Amino acid sequence: MMLLEQSESLKITEKIISEIYDSTSILATDPEIYKLDSLKANNSGTVRAYEKHTYRISYLVEKEAVYILRVRYARKEPLEY
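Residues numbered from 1 in each chain as written. Predicted model: local features only at pLDDT ≥ 70, side-chain atom pairs only at ≥ 80, totals over all residues. Heavy atoms only, no water.

K.L.:
Teacher, can you tell me more about the sheet that holds strand β1 (residues 47–52) here?
P.N.:
The strands that make up a sheet are held in pairs by hydrogen bonds between backbone atoms, and each pair lies either parallel or antiparallel. Sheet architecture is open: 3 strands sit in the order β1-β2-β3, paired in antiparallel fashion. Single-partner strands in this sheet number two, and they are β1 and β3 (66–73). On average, each strand axis in the sheet is inclined to that of its neighbour by 25 degrees, with strand direction left out of account. Of the strand pairs in this sheet, strand β2 (residues 55–61) and β3 are connected by 7 bridges, and their pairing is antiparallel. (Pairing = 2+ DSSP bridges. Helix = DSSP H or I, 4+ residues; strand = E, 2+ residues; numbered from the N terminus. Axes fitted to C-alpha atoms, helices over the stretch in contact; angles between N-to-C directions.)

In structure tokens form, the structure reads like this:
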């Protein structure tokens with residue numbers, strides 16, 4: 001029974017990771033779809049963020065590329081960075 005629970009837990013974890021990863025594909029064509037990251041200190045307007053499955057994804061928009069800066073569990077106390 002314990003093995004089944006671990007297996008199911010791993011499947012759920014893999015699904016969440018996959019969905020978070022897939023959610024970033026829109027950034028290639030529409031990087032400004034999400035709001036500016038309010039937790040980024042001195043944000044010059046290039047750092048944006050969104051939530052997916054209680055995870056907060058922060059990313060940097062540059063002229064030639066979009067960089068994922070961090071993925072953080074969103075239920076914790078938010079930290080500025």
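K.L.:
What's the story with the packing of aromatic side chains in this structure? I'm lost.
P.N.:
The way to describe two aromatic rings as a pair is by their centre distance and the angle between their planes. Under the criterion given, the structure shown has 4 aromatic pairs. Geometrically, the ring pair formed by Tyr34 and Tyr59 is edge-to-face, given 6.4 Å between the ring centres and 80 degrees between the ring planes. Here Tyr34, found in the loop between α1 (2–23) and β1, pairs with Tyr59, found in strand β2; they are 25 residues apart in sequence, far enough to count as distant. Put simply, the rings of Tyr34, Tyr50 and Tyr59 touch in pairs and so form one group of aromatic residues. (Phe/Tyr/Trp six-rings, centres within 6.5 Å; stacked < 30°, edge-to-face > 60°.)

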